[in-house]
Every structure is written in structure tokens, then in C-alpha cells.
Amino acid sequence: MIHDQRKQSSLERYCVALLGVSSLIGIAATVWLGLWVTPPDVNMGQLVRLVYVHPPVAWVAYLAFGITALASVAYLWKKTRARFWDRLAGASAEIGVVFCALTLISGSIWGRPTWGVWWTWDARLTSTALLLVLFLGYLALRKVPGSFESRSKRSSVAALIAFLDVPIDHFSVLWWHTLHQPPTVLNAGLAPHIHGIMAWTLLLGFCAFTMGFAWLLIQRYRIETMREELDEQLLAASLAERRSEASSEFSSNEARTTEPSPRARVHARTARTGDLQESQVAAE
Amino acid sequence: MSTTQDPHRGASTQDATALAADPSTERSGDEFPGAQAMASRRRSTKRKLVVVALVLAGAIGFLFYKGIGSALNYYETVSQAVASRAQLGTSVFRLEGAVVPDSLHETGSALSFSLQSNGVTQAVIDHGSPPQLFRPGVHVVLVGHFQGRYFVSNRIMVKHSANYIAEHPNRVPRTSAPLKRHP
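Residues numbered from 1 in each chain as written. Chains lettered and ligands numbered in written order. Predicted model: local features only at pLDDT ≥ 70, side-chain atom pairs only at ≥ 80, totals over all residues.

Draft legend 1. Structural detail: the overall build of chain B. Check the secondary structure of chain B and you find four helices and seven strands. Going from the N terminus to the C terminus, chain B shows its helices and strands as α-α-β-α-α-β-β-β-β-β-β. By residue count, 17% of the 183 residues in chain B fall in the buried class. If you take every contact in chain B between residues at least 6 apart in sequence, the share linking residues at least 24 apart comes to 44%. (Helix = DSSP H or I, 4+ residues; strand = E, 2+ residues; numbered from the N terminus. Buried ≥ 20, exposed ≤ 12 C-beta atoms within 10 Å, placed from the backbone. Contact = placed C-beta atoms within 7 Å.)

Draft legend 2. Region of the structure containing the overall build of chain A. Each helix and strand counted, chain A has eight helices and zero strands in total. For chain A, the α and β elements follow one another from N to C terminus as α-α-α-α-α-α-α-α. Scored against the burial criterion, the 284 residues of chain A give a buried share of 32%. Sequence separation of at least 24 residues holds for 77% of the intrachain contacts in chain A that already meet a minimum separation of 6.

Draft legend 3. Region of interest: the environment of Val82(B). Inspection of the secondary structure assignment puts Val82(B) in helix α3 (residues 78–83). Residues Val82(B) and Phe146(B) lie 64 residues apart in sequence; the distance between their C-alpha atoms is 9.7 Å.

Draft legend 4. Up close: the interface of chain B and chain A. Contacts between the two partners involve 35 residues from chain B, matched on the other side by 39 residues from chain A. Sorting the residues of the side of chain B that touches chain A by element identifies α2 (33–71) and β7 (150–158) of chain B as the ones contributing at least two each. With 13 residues, α2(B) is the largest single contributor of residues to the side of chain B that touches chain A. Residues belonging to the side of chain B that touches chain A are distributed by class as follows: 22 nonpolar, nine polar and four charged. (Nonpolar A, V, L, I, M, F, W, Y, C, P; charged D, E, K, R; others polar.)

Draft legend 5. Structural context of the pairing of strand β6 (residues 139–147) of chain B. All names here are of chain B. As judged from the six bridges shared by strand β2 (residues 93–99) and β6, these two strands associate in the antiparallel manner. Bridging across to β6, leucine 95 finds its partner in leucine 142. In this structure, β6 lies alongside β7, joined through eight bridges in antiparallel fashion. Opposite histidine 145, over in β7, you have valine 152 as the bridge partner. Hairpin connection from β6 to β7: two residues lie between these consecutive antiparallel strands, with glycine 148 at a positive phi of about 65°. (Pairing = 2+ DSSP bridges.)

Draft legend 6. Representation of the nonpolar core. Of all hydrophobic cores here, the largest spans 70 residues; its most connected members are Ala61(A), Ala64(A), Phe65(A) and Phe135(A). Dropping the residues within four chain positions of it, Phe65(A) is found in contact with Ala93(A), Gly96(A), Phe135(A), Phe163(A) and Val166(A). (Core = buried A, V, L, I, M, F, W, Y, C linked by C-beta atoms within 7 Å.)

Draft legend 7. Representation of helix α4 (residues 123–143) of chain A in the model. Along its 21 residues, α4(A) runs 30 Å from first to last C-alpha, staying within 8% of the 30 Å computed at 1.5 Å per residue. Burial within α4(A) is extensive, with 16 of its 21 residues counted as buried. (Expected span 1.5 Å × (residues − 1).)

Draft legend 8. The packing of α4(A) against helix α5 (residues 148–163) of chain A, seen in detail. Residues and elements named next belong to chain A. Put simply, α4 and α5 touch, their axes get as near as 9 Å, and they point 180° apart. Between α4 and α5, the interaxial angle falls into the category roughly antiparallel. Residues Leu134, Phe135, Gly137, Tyr138, Leu141 and Arg142 of α4 touch α5, and the partners they reach there are Arg151, Arg154, Ser155, Ala158, Ala159 and Ala162. The class makeup of the residues in the contact of α4 with α5 is seven nonpolar, two polar and three charged. (Axes fitted to C-alpha atoms, helices over the stretch in contact; angles between N-to-C directions. Parallel < 35°, antiparallel > 145°, perpendicular 65-115°, else oblique.)

Draft legend 9. Geometry of the packing of helix α2 (residues 54–76) of chain A against helix α3 (residues 83–114) of chain A. Residue and element names in this part refer to chain A. Following both chains from N to C, one finds α2 and α3 inclined at 155°, their axes separated by 7 Å at the closest point. Between α2 and α3, the interaxial angle falls into the category roughly antiparallel. Helix-helix and strand crossings are classified by hand; for α2 and α3 the assignment is left-handed. (Left-handed = near helix turned anticlockwise from the far one by under 90°.)

Draft legend 10. Focus on the environment of Ile27(A). All names here are of chain A. Along the polypeptide, isoleucine 27 turns up in helix α1 (residues 2–37). Residue isoleucine 27 is classed as partly exposed on the basis of its C-beta count, with 19 C-beta atoms lying within 10 Å. Put simply, isoleucine 27 and phenylalanine 206 are 179 residues apart on the chain and 9.3 Å apart in space, counted from C-alpha to C-alpha.

Draft legend 11. Just the pairing of strand β4 (residues 110–117) of chain B, in detail. Residue and element names in this part refer to chain B. Of the pairings in the sheet, the one linking β2 to β4 comprises two bridges and is antiparallel in character. Residue pairing across strands places valine 99 opposite leucine 115, the latter belonging to β4. Bridge analysis of strand β3 (residues 105–107) against β4 gives three bridges, and the strand direction is antiparallel. Bridged to threonine 107 within β4 is alanine 110. Between the antiparallel neighbours β3 and β4 lie two residues, among them glycine 108 with a positive phi of about 65°. As paired elements, β4 and strand β5 (residues 120–126) share seven bridges and run antiparallel to each other. Of the residues in β5, the one forming a bridge with leucine 111 is aspartate 126. In this structure, the hairpin formed by β4 and β5 is closed by a connection of two residues, where asparagine 118 is found at a positive phi of approximately 50°.

Draft legend 12. α5(A), seen in detail. Residues and elements named next belong to chain A. For α5, spanning 16 residues, the distance from its first C-alpha to its last is 22 Å, which sits close to the expected 22 Å at 1.5 Å a residue. Those residues of α5 not exposed but buried are Ser152, Ser155, Ser156, Ala158, Ala159, Ala162 and Phe163. In this structure, the buried residues of α5 make contact with α2, α3, α4 and α6 (165–175).

Draft legend 13. Layout of the confidence of the model for chain B. Residues and elements named next belong to chain B. Confidence along chain B averages 76 in pLDDT terms, with 68% of residues attaining 70 or more. Here residues 1–30 is modelled with pLDDT under 50, and outside its nearest four sequence neighbours on either side it reaches 13 contacts, counting other chains as well. Interface scoring of the predicted complex returns ipTM 0.73; its pTM is 0.75. (pLDDT = per-residue confidence, 0-100.)

Draft legend 14. Representation of unusual backbone geometry in the model. All names here are of chain B. Phi is positive for aspartate 102, close to 65°, though the residue is something other than glycine. Considering the arrangement of structural elements, one finds aspartate 102 in the loop between β2 and β3. According to the C-beta neighbour criterion, aspartate 102 is exposed, with 8 such atoms within 10 Å.

Draft legend 15. Here's a closer look at the environment of Leu132(A). Residue and element names in this part refer to chain A. Note on placement: leucine 132 falls in helix α4. For the pair leucine 132 and aspartate 165, spaced 33 residues apart in the sequence, the C-alpha separation amounts to 9.9 Å. Setting aside chain neighbours within four positions, we find leucine 132 in contact with Val97, Cys100, Ala101 and Leu104.

The following block contains the structure:
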């Protein structure tokens, strides 16, 4: 049985390592294709090359927040409530926040030469910034001390509220006037407006970054599990220490109470002599 | 029930129970150190929650104030702006349209051109520096105001499309083999 478990865990480790290596190779291939193989765009020229990074990074942010929302639903639902969902939600949100920040940074770098500005308050950019702030708030809420259950319930509700911004963010370019262009791949007709090898490179970018996200999520989940175990061990150790301290205090107090104090001894002696005197007077 | 005046000295069991049940009675920290620590921890948790909520509310409020207000109506198209010119007056707003080909002229530090949308054209004078992708036919968003018959702008932003097309899709790829010379 133990042998099977070890075999399984080593197989798992092998799969996770393979996932990590595949994602690295995928990202490297995306960079190579994006920078050297794909042709320049008819309108943007060489500036098009950020298209192989910016949309995949944004997709991973959406995916991460989506997993956080689903895991939060699973935690809030009594039938499926388990620590696993809470850990998964937290781990996914952390990665999502990093990718959301990367989306804003890469978008800003791309926006300066193409639009002519680093930043503008259009609906897409504003809702993305709001998404980042909302999930930063979610992460802050997770750090507020409290019992595990109340903290997890509170943060699960917060995750669902924050996730409401994801569809707003995605559809903002269709609902309102924005400087940001409408979606290239996930458009109304689901017909990507991108040419041959450029489309394949973009697809590779999506796959590579998604695999990278999956690898990061597994690692982050593991770290969170180890941290919780360590916390529990530390708590048990400090409780044991406190208990031993308390028992030693108790035994020393007991020893002190069984042994009469010098004042009590004096009182007892005087009482005894008083009794003797009284008995002598009675005899007389 | 209490017969003694000092509850801490010589109090009966009934006195002690009454004392414990009385919420108004203050207990020193030496008596219940655990309970006091727990209460202070609860207070600090509440304080932290309030701080997180305030920071979040502030950030969201700022984003709404700064962004959502103008973001939902980020620009007016040329046809919309011309139709509501009287209401817009000389206020600063964003104007969107396509740069009319062959309308670009450079006069000193200013750039003049025409902007078009839905068949309506507006003359523009720009004093800013156009971005790299600015060219005739491209869609732009300008920041400025009406002045006489012109729209005077100080910023041009290029609104590029979501279509990505290879520059020379039919070009024969370069080979590393040297070209053969025919005698």
C-alpha cells in the first residue's frame, strides 16, 4: 500500500515536472515564433509582436479568477465544503492577481507606441484595474485573522462579488465606446481575425501560458498545504509547551499549599498554648 | 444575599456566582488573562476588517470617480459631436473618427486634417505630437474642443482594429542558399 502511494506520488511529481518543462518550452517557442518567425502586421508593423503575450496573459488572469469563483462556490455549498476548495481559491487568486498586473503592464507597454498613451480611462482599462483592486482586496481579506471557517466563508463571498467584474471587463469593449480594440479571438462569430502563422503562434501562446498557470497553481497549492500543516504543528507544540508550564506551576502551587506558612505555624502554636492555658485554668 | 462588603475577601460561593454573572463587574487582567487576550484579538480583527473595507471602498470609489464616469461614454463620434455641437460648446471631450485621406497638412507646429464618421466630416487642428501609427485612413480619438469651425485638439490616440494581417503574406521566404548566377 505504502509502496503504491510512493509510486503514485512519484508519478504525480513526474507529471507536474513535465507540465512545468512543457510550459517553459511552449513559452520559449512562442517568444521565438513571435519575435523571429511571424511576419509584421500590415497596420502595426513590428509592434504587433506583443499580441502573442498580452492576450494569453489576460486569459490566464480570467481563468485564475474563474477557478477562484468556482472553488468559492464549492466551499460555500455545504455538500462540497472542504479545505481543498478554500486553498485552491486562494492559490488561484494569487496567481490571477500576478497575471492581471502583467496584463495591465504589458497592455501599457503596447499602448504607448500604438495608441500614443500609456494609460487612458476607457471601460476596458478601468474595469481591468478594478478587477486587480478587487482581487487584491480579496487576498487582503484572506489575511484578516479569525477562525478558519469564518475567514473562508467571508473570502468566498468576496471572491464571488469580485468575479462579477470579469464578464464586465470582457464585454466592455462591445458594450461601450472604448479605445481598446474588440476581441480578436473570442468575438461574436468566434472567427479569429488573425492570419495563418500569427494565429498558430497566438494559440501556442494561449496553451503555453495556461500550462504555466496550471504548474504554478499546483505549486502554490502545495505551499499553502505545507504552510497550514506547519501552522498546526506550531500550534500543537505551543499548546503542549503551555500545558507543561501550567502543570509545573500547578504542582509547585500545590506543594506550597500543603506545606504551612511560617505565619500559620505561629498561629497554630499560639492557639495550642491558649488551649493549654484554658485547660489549666479549668483544672484549677 | 451578599453579607460581606469586600467581594474579594471572605466572600461566600453565592457572592462569587453573583459576581461572575454580573456583566457590569470589571475583572482585572490577572483574573482572566486568556479571555482578555481573546477579546483584544477580536477587537484587532474587527479593526483590520474595517481598514481593509475602507481601503477597498476608497480604491473602488476612486476608480468609479476617475474611470466609470468617463469610461462609459469614452468618446463622441464625429456625427454625434456635430449633432450635439450646441450642448458641447467649448467643453473638452474626446472625438472619434477616421482620418480622411489626402486631408493631412502640416502648418508650422500644427497639423490639420479632416475626421469622418457616418458620412459627417469635421475639420481638425492638432497641436500635439501624433503617435507612431497615425496615418491617413486610420481611426483616431482626439482630445480637444470646438473652436469656430474647427475641432482643436492637443492629443491624438490611434484606435487600431482587432484584425491582424501579415504585411506581405505572399512573399517568398528568404533562403540561406546563395543565388545562382547564370552565365
